Structure formats: C-alpha cells, structure tokens
Amino acid sequence: MSLRSGADRGRVLYAGQSYYNTWYLSRELRKLGWKADVLNWDPSPAAKLHDHGQDFSFPYGSPCHVVHHLGSYLRWIGQYDIFHFSTAHGMRFGPYLHGAVAKLLRPGDEIRLLKRLGKKIVYSNNGCYDGVARTSFASWGDRPVCADCRWRNSPSVCSDERNLTWGAFRNSMADYQILLGGNRIDYNVDPRVHEEPEFYCLDEDFWHPELVIPPRFRLPAANGTVRIYHGVANATLRSDAGTMRNIKSTHIYLPLIEQLKREGFDIELMFFESMPNRDLRYYQSQADIVVDMLTFGFFGANVREAMMLGKPVVCYLRPEWLEQMRAEIPDYADELPVVSATPDTVRDVLIDLITHPEKRREIGARGREFAVKWHSSRVAARRFDKIYSRLLAGDSEPGRRD
C-alpha cells in the first residue's frame, strides 16, 4: 500500500474543503502528475453551499459509521505522502473519528500517528482565531474588530485558552503552514508559517469578466443605476439581531447606502446571505462595486472572486499586516488593487467610485490581472508542485521563492 506509482510526482490528500480552494488546486496538480484528492468530511449541510467538488465524503448519522471512517483513514495512510488540512480546529478526519480517538487515546492521536509514520503535514490558516488569542487579535489597531463579532461573548467559539490550545497543537504537527493577510502574532509567529496567496485559488475561467449570465439569474437593466454588492454567508447566524452588526460591516453599509440614496445618488444595494457559491458569481458579475470588511484588516473569498470577475473592491487593508506580508511577498503587497477604506472614509470612497465609472473599470481591470497572477489555480499548482516536492525531498526551505 505504501509503494508509489512511478507515474506520480507525489500523493496529497486534502482533508477539509477550505471552500473550493483545494478542489481547483487538486485538479491542476493532477495535470502536473500528482495524485491529488479531496476529502470532504464536514457534516454540516450549510458548508455545502461553498463546495464545488470532492473525491471522498463521509456518511454520518449512525455510530457505526465511525468504522467506515476508520477504515478509510487506515487505507489513506498507505496511499498518500502529504496530508493537507485547513481551517481552525480542522486538523482531523471528521468529528466521528476524532471523537473516538479522543476517548480511547488522546485527542489528535490520529494526526500524531501520521507524524510518527513520516507523513508530511501541511496546514492552511483561516480566520482571526486560528492560533491567535482573542485578546491579541483585539489589540490590532485603534478599533478592535472583536467589538463587531457575533461571537465576542461565546468562549466556546473564541477565547484565549481555546485559540492558543489549538495553535500549540497545530504548530507541533504541521511541517508547513499557509497564511495570507499578516496577523503574525502568538502561534502565527513561527518559521513554518508562510504567506502563500496562491493556495487561496480560483479557476480563472469559472470566474471570468465575460461570464454568460443564464436568464434566471439576470437582473433588470440597470439604466444607469450603480449596483453595489455586499455578501455575507450565514449572515443571520453571524450578526447581531436587529442591527446586523458583524465583522463584514453590514451594519455600516446598510444605513450608508440608504443615506446616499436619499441624497440623490442613483445606486442599488445587492445583498446576499445564503446562496450556492456556484450561482453567486452571476450576481457578482452584474455588480459595479463590491464592498467588504471595514475593520477586520484584510479580505477573503468574496473579494478574490470579485477581483477575478474584474470588479473594483472596497475593503480595509491593515497597514501593519501589509508590512508583515511585504517581508515575504513584496510584489503582492505592492500590486494589491483593493481600495482600502475605514468606517470613517468609506462614504467618500464610495462616492468617488459611484461618480467615476472610468475609475471603476480601471481598478476592475487591474483586479482581474492581479487575481490571475496570484490566485489562479494554474499558478497555485505550479507553486505547490514546488513546495510539496521540496517537503518530500527534505528541503530545509520548501517555501523559498526562486
């Protein structure tokens, strides 16, 4: 079982979806000769809104299913050289196997076994609480973003102890860690943590500026109205009731858009909460401006999708984080075409974009060029072909850019 086919460059199993990033990366790695597969172990139906594909999934609903999960895990130990996990507390093969191992041995022993067998473990960071204490994250800047977070009073979701316990385990297991957006503090300050924008990848043909909109997704003709897109997955769950206060700044955009409309600006808000990601691009494509977080400090999938579609994007870029990124990926930090704004400046920024369509087109064109250069799945495959190959070869600097 442990013998590798001579046709394979290497063998990697992505355990966990990380939205669609691993799906598109794995498809492109296959073209380069890798055995690259995706396991979707997430039991949540809501998570499937973001998924674009998988090679394996787990059944849930019966305690007997843990036997199936265990059998798959033991088989995969012999079939893969690299196990790539994603998302905070997600270094596992699903809750059933993780829970069973925790009862019989220690939590995480299924991952420790991979380590003892010499398998390479890669991890993709995702989120403010991924290895960073809540109090540490709240110390960034003059306006703590934690004050806008729905989970600010939920220690079972985010707390110093929970976040740091996870960070310690994560760092003890991972041979290579992937980050994007700075936030270098606590367990994110580690020589194995690297800024790797390519991992957070998209298919440049799937998200294309000339995307053909199916009739059922077409909006009425704009007739000069500037459409401003704002999306929040699971917004009701992630927002304060009544005010829609959340880290995506919905509570800032909703009244601001209404105020600008009262002042005579011909604009329309496009707000989406829960929709399959495959369909969402049709609405993003019909927007003129995409707006995102104003206090967090960086961006996620929504902004990358918008840039790939050639849309101008407004989002706060934390200067400290950009400087941290510049140490590893200076070109990325210097070329980033996102229009940075804060709660205090976003009104003027929006008015400028609303009243200057040529500026919107120019920023959108740069966004598309930037996204293809840094976030295309083809570029990602070439990057991770090098990283994974160097890890397997025992290279002491697998992430060097040469």
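All figures in this text were calculated on a predicted structure; none of them were measured in a lab.

Caption draft 1: Here's a closer look at the sheet that holds strand β10 (residues 289-291). Here we have four strands laid out as an open sheet, ordered β9-β8-β10-β11, and parallel in their pairing. One side of each edge strand has no neighbouring strand; the edge strands of this open sheet are β9 (267-272) and β11 (313-314). Taken together, the two bridges between β10 and β11 define a ladder with parallel strand orientation. Across the sheet, residue Val291 finds its bridge partner in β11, namely Val314.

Caption draft 2: The arrangement of the pairing of strand β5 (residues 120-124) in detail. Across the five residues that make up β5, a large majority, four, are buried. Bridging between strand β4 (residues 82-86) and β5 involves five bridges; their strand directions are parallel. Counted as the bridge partner of Ile82 is Lys120 from β5. Bridge count for β5 against strand β6 (residues 176-179) is three bridges, and the pairing is parallel. By the bridge assignment, Val122 is partnered in β6 with Tyr176.

Caption draft 3: View of the state of the cysteines. A full pass over the atoms with the stated rule returns zero disulfides. Unpaired in terms of disulfides, Cys201 finds its nearest cysteine sulfur in Cys315, a separation of 20 Å.

Caption draft 4: Summary view of unusual backbone geometry. You will see that Thr87, though not glycine, has its phi angle at about 80 degrees, which is positive. For Thr87, a relative accessible area of 30% puts it in the partly exposed group.

Caption draft 5: Focus on the nonpolar core. One finds Leu25, Leu29, Phe298, Phe299, Tyr332, Leu336 and Tyr388 to be the most contacted residues of the largest nonpolar core, which totals 68 residues. At six residues, the largest contribution of residues to this core is made by helix α15 (residues 377-393). Apart from residues lying up to four places away in sequence, Leu336 is in contact with Phe298, Phe299, Leu317, Leu322 and Phe370. Of all hydrophobic cores here, the second largest spans 24 residues; its members include Ala15, Trp41, Ala88 and Ile121.

Caption draft 6: Quick look at the packing of aromatic side chains. Applying the stated criterion to the full structure yields 32 aromatic pairs. Aromatic pair Tyr20 and Trp207: ring centres 4.8 Å apart, planes at 45 degrees, arrangement tilted. You can see Tyr20 sitting in the loop between β1 (11-15) and α1 (21-31) and its partner Trp207 sitting in the loop between β7 (193-195) and β8 (226-231), a full 187 residues away along the chain. Given the relative accessible area of 0%, Trp207 is considered buried. Judged by centre distance (5.4 Å) and plane angle (85 degrees), the ring pair of Phe85 and Phe93 falls under edge-to-face. For the pair formed by Phe85 and Phe93, the shared burial category is buried. Among the aromatic residues, ring-to-ring pairing joins Phe56, Phe58, Tyr73, Trp76, Tyr80, Phe83, Phe85 and Phe93 into one connected group. We note Arg318 situated over the ring of Trp321; from NZ or CZ to the ring centre the distance is 5.0 Å.

Caption draft 7: Inspection of the pattern of salt bridges at higher detail. Applying the stated rule across the entire model yields 33 salt bridges. Across the salt bridge formed by Glu198 and Arg401, the nearest N and O atoms sit 2.8 Å from each other. Of this pair, Glu198 sits in the loop between β7 and β8 while Arg401 sits in the segment after α15; the two residues are 203 residues apart in sequence, bridging distant segments of the chain. Residue Glu198 is classed as buried on the basis of its relative accessible area, which comes to 4%. Assessed through its relative accessible area of 37%, Arg401 is described here as partly exposed. Ionic contacts of the salt-bridge type, sharing partners, join the residues Arg27, Arg30, Lys35, Asp37 and Asp55 into one network.

Caption draft 8: Layout of the sheet that holds β6. Reading across the sheet, the seven strands line up as β3-β2-β1-β4-β5-β6-β7 and stay open at both edges, with parallel pairing between neighbours. Single-partner strands in this sheet number two, and they are β3 (56-57) and β7. Examined bridge by bridge, β6 and β7 share three bridges and lie parallel to one another. In the sheet register, Leu179 faces β7, and the bridge partner there is Glu195.

Scoring rules and cut-offs
- Residues numbered from 1 in each chain as written.
- Predicted model: local features only at pLDDT ≥ 70, side-chain atom pairs only at ≥ 80, totals over all residues.
- Heavy atoms only, no water.
- Pairing = 2+ DSSP bridges.
- Helix = DSSP H or I, 4+ residues; strand = E, 2+ residues; numbered from the N terminus.
- Buried < 20%, exposed > 50% of the residue type's maximum accessible area, 1.4 Å probe, protein only.
- Disulfide = S-S within 2.5 Å.
- Core = buried A, V, L, I, M, F, W, Y, C linked by side-chain atoms within 4.5 Å.
- Contact = heavy atoms within 4.5 Å.
- Phe/Tyr/Trp six-rings, centres within 6.5 Å; stacked < 30°, edge-to-face > 60°.
- Lys NZ or Arg CZ within 6 Å of the ring centre and 35° of its normal.
- Salt bridge = Lys/Arg side-chain N within 4 Å of Asp/Glu carboxyl O.

Distances and angles like these do not, on their own, reveal function.
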